[in-house]
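# Residue-level structural notes
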Amino acid sequence: MYFSDVTPIDLMNVIRCTKTKEQGTDRISIMLIHKILDIAAPTIAHIFNCSLIASTFLSLWKQAFVHPKSQVSHSSKRLPAFKAKSKPFERMVHKQLTD
């Protein structure tokens, strides 16, 4: 399968629609990325494109913090807080697969 290039404009649109306060292991939140998006979009798009060309998903983006679900529910389930950068990447790939 061939993926088309992720453009900085497409990336900016996807990231701006991502509403999460989660931070990954690198402590970079989507809110911080929003603040520097105009400058960082070409670089992030390049990283996404390299990942698509190599058919790899960066291992750093697979890491997550695992937090207890809730003290109130007394549940032993844990919810992972995935990296803010993996969500836009997954949305971009999903969009290309479904279009």
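Above this text sits the structure in question.
The sections below set out a description of the structure shown in this document. (Residues numbered from 1 in each chain as written. Predicted model: local features only at pLDDT ≥ 70, side-chain atom pairs only at ≥ 80, totals over all residues. Heavy atoms only, no water.)

## Describing helix H1 (residues 8-16)
Taken together, the buried positions of H1 are occupied by Leu11, Met12, Val14 and Ile15. All buried residues of H1 fall inside an arc of 165° around its axis, so they share one side. Lining the buried residues of H1 we find helix H2 (30-54) and helix H4 (86-98). (Buried < 20%, exposed > 50% of the residue type's maximum accessible area, 1.4 Å probe, protein only. Helix = DSSP H or I, 4+ residues; strand = E, 2+ residues; numbered from the N terminus. Arc of directions from axis to C-beta. Contact = heavy atoms within 4.5 Å.)

## A look at the side chain of Ser51
If you trace the backbone, Ser51 turns up in helix H2. Look at Ser51 and you get buried, because its relative accessible area is 3%. Not counting residues up to four positions away in its chain, the partners in contact with Ser51 are Thr56, Phe57, Leu58 and Phe89.

## Concerning the packing of H1 against H4
Axis separation between H1 and H4 bottoms out at 9 Å; the angle between their running directions is 120°. On the basis of their axis angle, the class for H1 and H4 is oblique. Considering the relative orientation of H1 and H4, their crossing is right-handed. Seen from H1, the contacting residues are Asp10, Leu11, Val14 and Ile15; seen from H4, they are Pro88, Arg91 and Met92. Per-class residue counts for the contact of H1 with H4 are five nonpolar, no polar and two charged. (Axes fitted to C-alpha atoms, helices over the stretch in contact; angles between N-to-C directions. Parallel < 35°, antiparallel > 145°, perpendicular 65-115°, else oblique. Left-handed = near helix turned anticlockwise from the far one by under 90°. Nonpolar A, V, L, I, M, F, W, Y, C, P; charged D, E, K, R; others polar.)

Worth remembering: the numbers are spatial, not functional.
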